[in-house]
Protein chains: 4
Amino acid sequence: MISFKNDYSEGAHPKILKTLTETNLEQAEGYGLDRFCLEAATLIRNRTGREDVDVHFLSGGTQTNLIAISSFLRTHEAAIAAESGHIFVHEAGAIESTGHKVIAVGSREGKITPEQIQPVLDFHTDEHMVKPRLVYLSNPTELGTVYSRQELEAFRSFCDDRSLLLYVDGARLGSALCVPEADLDLGSMAALTDAFYIGGTKCGALIGEALVIRTPSLKQDFRFFLKQKGALLSKGRLMGIQFLELFRDDLYFELARHANRMAGLLKNALKESGFEFLTDSPTNQIFPILPNPLIEDLKKSFDFYVWSTIDESHSSIRLVTSWATREEDVTALIKAIEKGRNLR
Amino acid sequence: MISFKNDYSEGAHPKILKTLTETNLEQAEGYGLDRFCLEAATLIRNRTGREDVDVHFLSGGTQTNLIAISSFLRTHEAAIAAESGHIFVHEAGAIESTGHKVIAVGSREGKITPEQIQPVLDFHTDEHMVKPRLVYLSNPTELGTVYSRQELEAFRSFCDDRSLLLYVDGARLGSALCVPEADLDLGSMAALTDAFYIGGTKCGALIGEALVIRTPSLKQDFRFFLKQKGALLSKGRLMGIQFLELFRDDLYFELARHANRMAGLLKNALKESGFEFLTDSPTNQIFPILPNPLIEDLKKSFDFYVWSTIDESHSSIRLVTSWATREEDVTALIKAIEKGRNLR
Amino acid sequence: MISFKNDYSEGAHPKILKTLTETNLEQAEGYGLDRFCLEAATLIRNRTGREDVDVHFLSGGTQTNLIAISSFLRTHEAAIAAESGHIFVHEAGAIESTGHKVIAVGSREGKITPEQIQPVLDFHTDEHMVKPRLVYLSNPTELGTVYSRQELEAFRSFCDDRSLLLYVDGARLGSALCVPEADLDLGSMAALTDAFYIGGTKCGALIGEALVIRTPSLKQDFRFFLKQKGALLSKGRLMGIQFLELFRDDLYFELARHANRMAGLLKNALKESGFEFLTDSPTNQIFPILPNPLIEDLKKSFDFYVWSTIDESHSSIRLVTSWATREEDVTALIKAIEKGRNLR
Amino acid sequence: MISFKNDYSEGAHPKILKTLTETNLEQAEGYGLDRFCLEAATLIRNRTGREDVDVHFLSGGTQTNLIAISSFLRTHEAAIAAESGHIFVHEAGAIESTGHKVIAVGSREGKITPEQIQPVLDFHTDEHMVKPRLVYLSNPTELGTVYSRQELEAFRSFCDDRSLLLYVDGARLGSALCVPEADLDLGSMAALTDAFYIGGTKCGALIGEALVIRTPSLKQDFRFFLKQKGALLSKGRLMGIQFLELFRDDLYFELARHANRMAGLLKNALKESGFEFLTDSPTNQIFPILPNPLIEDLKKSFDFYVWSTIDESHSSIRLVTSWATREEDVTALIKAIEKGRNLR
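Residues numbered from 1 in each chain as written. Chains lettered and ligands numbered in written order. Predicted model: local features only at pLDDT ≥ 70, side-chain atom pairs only at ≥ 80, totals over all residues.

1. Some thoughts on the interface of chain C and chain D
1) Next: At the interface, 41 residues of chain C touch 41 residues of chain D.
2) Next: Counting only elements with at least two residues in the side of chain C that touches chain D, the list comes to α1 (14-22), α3 (61-72), α5 (94-97), α11 (222-228) and α12 (237-248) of chain C.
3) Next: Per-element tally for the side of chain C that touches chain D: the top contributor is α1 of chain C, with 4 residues.
4) Next: In terms of residue class, the side of chain C that touches chain D is built from 16 nonpolar, 19 polar and 6 charged. (Contact = placed C-beta atoms within 7 Å. Helix = DSSP H or I, 4+ residues; strand = E, 2+ residues; numbered from the N terminus. Nonpolar A, V, L, I, M, F, W, Y, C, P; charged D, E, K, R; others polar.)

Set out below in structure tokens:
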């Protein structure tokens, strides 16, 4: 059984394990104050091209979102997200658990626009309602689509005009920044958002996300929030070493490109076979629409999620590639699809 | 500089890194449903000698404490802890952050007794005060001391009579269970508590604690709490593989015994040199009382915490050994102390 | 300026003020344990025809909703409400502030059905999402419509089958129970819900809502929640005396009938004048659709909310009558509408 | 049975009830925007002698404390209070319920000093602990004692130097400001604190406390917090009318002086009879130490709290007088004590 179920099926890139092993007995400071974390943070700062960002390492996406958002907001303030947004749907109410409402807006292929947010602001006019304060985007979105620099600039401008914070969930940020048409990089991400995170877990790390905070007022006392929410690891070195390897020689982007390329091979083959897609995703998650009998056939040899029902005889499936996806497995899947093309 | 600052200065036991590396490309389920986690949980269940406990893997002690305690308590219920207890002092208000008061009681060498808790119950009589509901112990305590089976049985009986839950923080549980005079094991821990956790981070793992829940009502929906608080790791395999190695051949206890033995060497040498201790700790943390000039001298070559001021010319320091502490480093420290014995 | 803006523009029914004055110097127990509260609770229990309900008095609707719902739910559980529901829109995120997500479902004239809730249950399948646990209805709804006994029975049956709690916000419950076609009373409300509240503030009291809890597990320790959330008044007598007067001789229902009758006069006159309504409300809130110029004209002499834009030349307005609305004021408004009928 | 149990045994001063009745049918704005609230706020501002304070009306002390403190603090910040402080002991964990730890310091007769707070600041040095941020005093204290202007100035200076907020719980503020030796008034309270509240419930109102906020950053969006925590009453007029009467002609202070005078009569008589007191309280709560048999005898005709055990044959009791305490009842109690003087 070959899995295209997600991009966290395998462990870490071998370089990471190698360095973990080589540095294993070096005694290091605890709680993220070790030299690895400090160096990794410097590397990331360098990649953003600015000295004025704070970098913190956390264990996972939900943890990062909940700590960032709850520390950025005052009690009565709310986040705005796509109705398909991870914080709205798939984090077990983590944001609400910290006391904040998430206001959902309709999305198109997982993406939202400032125009969709304006009515939320128009509606929330007084103290009988929450106060919308933070726009949550994910890049790429839950449906694999990406934001362009122009789109992010529009959000920045919109947020500036309305005293809103802009926060980007980058669980798969590498993938978004490495699509062929990409015009965003870590520098523009830092410049255009108040904070964003660089997802490690889904791009070659065993565990770990790097939160980058640019806006000064959001930086203050942030380590308190890490500690209070259980995110300050005593062996912070585990985080530092991983991000050091990922950013020392741009391994992070190399791995993301590989994942994108593997998904691209699948996508092109499926297109050539005449299949359509739920969304036009250039990243490492694609959502082809297949006849149900073909899906059943594929399930015998491949693992993946059936995503949504399209009509009575078709469903969309989610195929995810990772830094570790082997081209031969992609080829095997393509062959299986071609072979089953007549199953309908 | 040799560090006796804590037991999380080094990485993981090599067997763990080896298995992480060997299994790295095996595709596994996400979110703790992988075969490694399942097998590790089974191993731990076996070591408790009972089938009726649930085992969950979390990232760190504060995270484990806050998720366990906040899910075990209703809104108005409070935890009771030693005034030196980790949740009362050193978790940045993590428990209060989930809405629950921690009631402190005086302690002796970090330990508390049921007799100290009874007045808390007597005092909290009605709805104008919180309702004490959970007793929090740590074993070993913050000061290295341990509870005996008899003491834990007394707590169990006390808690049963008063409808209290008993929860044990085992950040360094291995050390407590491996002291020469130990009469507690994982079986008695599971039998005598409602829940407890087996600390991995401070006993040979890179990251990870194993929470063991015996009381049925506390088990329900626990994975929701993990997810909601940001503790459900997508690459749960990282947890499973580590605990698999730690419990496959009792490596966990072997490492704890090593750490205890190293601390014991230090302790004996210090005793023979005539020094006294803040507490009578049999575990891997000891708190010798030294003249301040000697402390200053030691600081030149060794890293450790100065714990508390004893009098104007003496302080207690904390020396911590780990699974990785080398006997030669212990010997070096002993020599340095003996050499500096006349510094006062 | 005559106000039809809401049903809390005036003070309390004179009988209430009279009894407050007459009993003013009687020394009473504090915190809701006074004889007035005890007697008022007994009266309400009698009106439900059952001994097994607990009755608590609180200050307002948002307070009642947030304390009830947060005490009924465990951390990971969510409430389900109409997208127009008060807790979803108009309580400044009070429920989320206690840690719980409110899941919105589409509504028709403010009402929802079990059929609309089933998809929510189907969607929320695992610990990556919140666990839907409580259905929140308001009767009457935000749009003045009411639930029938049959509809509430359907909810009860639905909730029983799916382990859901059913909670009804009765901010204007008197109005709902006193519509001509009403087939619900306090007895059926208690029988069919797990808990509900009888709104006093909007039906003749100065302040106060009576929460009725039937389900035993929800009753436990409830006074702790009242205290912890700041709802336990030291002079609880203020609550007791008011509800004593409201339920001693069914004044509560008498006042509700008056408000309904006043709204009915308005509604009939508007209907006869050919106007349509946003919803078919039989209660004391009606939402006629009027030409904007007429609305502007009415604003000169009457106070009311413009509710929603219908088309470019029409809006709906909200007219609310109360226990204190004078028939002469209703007549004045009717005349003004008739007079301005040609304004369009 | 005559009660000296508390100062909330009776209703409201008759002037309040009279005005409630006279204005009853006047239609007013909802949610504290009525003319009564606006005028009452202006009166209070005038009494503080400054235009720059915000005034909000809330229902009770616990509600006021929890909303003020939780809105003033960021997530990781803590309040510091006397170990006898109301928020630490008698509010059912209300502050912790909003996520904030309350750090207790020892007190003398209910009072604390900056010197007692300094060690708390010295101890809380990093992100492993909460960040102390707000000093909570009550004036008078739980034990009836009061702070002088000099003491409050010392706190102000201390807090300014250490970036701490100073908040005063004035549940019985009238009593504190009206003791003969008082050198504090509403002006100095406003000048020396960041926020404080003027307790109405315990000084002649039926319900209600007036929160006064001076520090600009604490004012922002405060009505959101009121709404979110269930404190924004739809019939806010109830609050406004009461405080209007209390402050129109300084009725508030007149009532406080009466209560103090009644307590003074008791105190003097007890002193003359040779009894000692738990604290030297000049306010309307006194704590005489009586022989247990005398206490038992008094209980037959008077209601009061037995406060604490002094020795095996003596206890302290709490006697509280109110705006409504009749001198004849005080005389009756004095006589009963004199008559039972030999009971020991």
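Alright, that's what it looks like, and here's the rest.
2. Quick word on the interface of chain D and chain A
1) Next: Between chain D and chain A, the contact holds 13 residues from the first and 13 residues from the second.
2) Next: Taken together, the elements giving at least two residues each to the side of chain D that touches chain A come down to α3 (61-72) and α11 (222-228) of chain D.
3) Next: Per-element tally for the side of chain D that touches chain A: the top contributor is α11 of chain D, with 5 residues.
4) Next: Among the residues making up the side of chain D that touches chain A, the classes are represented as 2 nonpolar, 6 polar and 5 charged.

3. Concerning the domain arrangement of chain A
All names here are of chain A.
1) Next: Domain assignment breaks chain A into domain 1 (2-7 + 252-339) and domain 2 (14-250).
2) Next: Between the C-alpha centres of domain 1 and domain 2 there is a distance of 27 Å.
3) Next: With 20 residues of domain 1 at the contact, the number on the domain 2 side is 22 residues.
4) Next: Broken down by secondary-structure element, the contributors of at least two residues to the side of domain 1 that touches domain 2 are α13 (251-272) and β10 (285-286). (Domains from an automatic or database assignment.)

4. Observations regarding the relation of the copies chain D and chain A
1) Next: Each copy of the sequence occupies a distinct position, and chain D is placed on chain A by a rotation of 180° and an axial shift of 0.0 Å, giving an RMSD of 0.0 Å. In symmetry terms, the pair is related by a two-fold rotation axis. Considering only C-alpha atoms, the part of chain D nearest the rotation axis is R74 of chain D, at 3.8 Å.
2) Next: Most of the interface of chain D is mirrored in chain A, where 100% of its interface residues again form contacts. (Least-squares fit on C-alpha atoms with pLDDT ≥ 70 in both.)

5. Observations concerning the packing of α1 of chain C against α12 of chain C
Residues and elements named next belong to chain C.
1) Next: With their axes 9 Å apart at the nearest point, α1 and α12 run at an angle of 135° to one another. Relative to α12, the element α1 is oriented oblique. Considering the relative orientation of α1 and α12, their crossing is right-handed. Along its contact with α1, which presents K15, I16, T19 and L20, the element α12 presents I241, Q242 and E245.
2) Next: The residue inventory of the contact of α1 with α12, partitioned by class, reads 3 nonpolar, 2 polar and 2 charged. (Axes fitted to C-alpha atoms, helices over the stretch in contact; angles between N-to-C directions. Parallel < 35°, antiparallel > 145°, perpendicular 65-115°, else oblique. Left-handed = near helix turned anticlockwise from the far one by under 90°.)

6. Observations concerning the pairing of strand β6 (residues 165-169) of chain D
Residues and elements named next belong to chain D.
1) Next: Summarising burial for β6: 5 of the 5 residues are buried, a large majority.
2) Next: Alternating positions in β6 separate into two faces, L165, Y167 and D169 on one and L166 and V168 on the other, with burial throughout.
3) Next: Bridging between strand β5 (residues 131-138) and β6 involves 5 bridges; their strand directions are parallel. Residue L137 lies in a different strand from β6, and its bridge partner there is V168.
4) Next: A crossover connection joins β5 to the parallel β6 through helix α7 (residues 149-161); in handedness this β-α-β unit is right-handed.
5) Next: Direction of pairing for β6 relative to strand β7 (residues 195-199): parallel, over a ladder of 2 bridges. Each residue of the ladder has a partner; that of Y167, found in β7, is A195. (Buried ≥ 20, exposed ≤ 12 C-beta atoms within 10 Å, placed from the backbone. Pairing = 2+ DSSP bridges. Right-handed = clockwise from strand over helix to strand, strands pointing away.)

7. A look at the packing of helix α13 (residues 251-272) of chain D against helix α15 (residues 327-339) of chain D
Residues and elements named next belong to chain D.
1) Next: Viewed as axis vectors pointing N to C, α13 and α15 meet at an angle of 15°, and their least axial separation amounts to 10 Å. In terms of orientation, α13 lies roughly parallel with respect to α15. Once α13 is placed against α15, the crossing between them reads as right-handed. Mapping the contact onto sequence places M262, L265, L266, A269 and L270 in α13 and E327, V330, L333, I334 and I337 in α15.
2) Next: Of the residues belonging to the contact of α13 with α15, the class tally is 9 nonpolar, no polar and 1 charged.

8. Comments concerning the relation of the copies chain C and chain D
Mapping between the two copies of the chain is achieved by a rotation about an axis and a shift along the axis.
1) Next: Note on the identical chains: chain C maps onto chain D by a rotation of 180° and an axial translation of 0.0 Å, with an RMSD of 0.0 Å.
2) Next: Most of the interface of chain C is mirrored in chain D, where 100% of its interface residues are also at the interface.

9. Section: the pairing of strand β8 (residues 209-213) of chain D
All names here are of chain D.
1) Next: Most of β8 is tucked away: 5 of the 5 residues are buried.
2) Next: Residues E209, L211 and I213 of β8 are buried on one face, and the alternating residues A210 and V212, pointing to the opposite face, are buried as well.
3) Next: Across 5 bridges, strand β2 (residues 54-58) lies against β8 in antiparallel orientation. Each bridged residue has a counterpart across the sheet, and for H56 the counterpart in β8 is L211.
4) Next: Where β7 and β8 come together, 5 bridges link them in antiparallel fashion. Residue pairing across strands places Y197 opposite L211, the latter belonging to β8.

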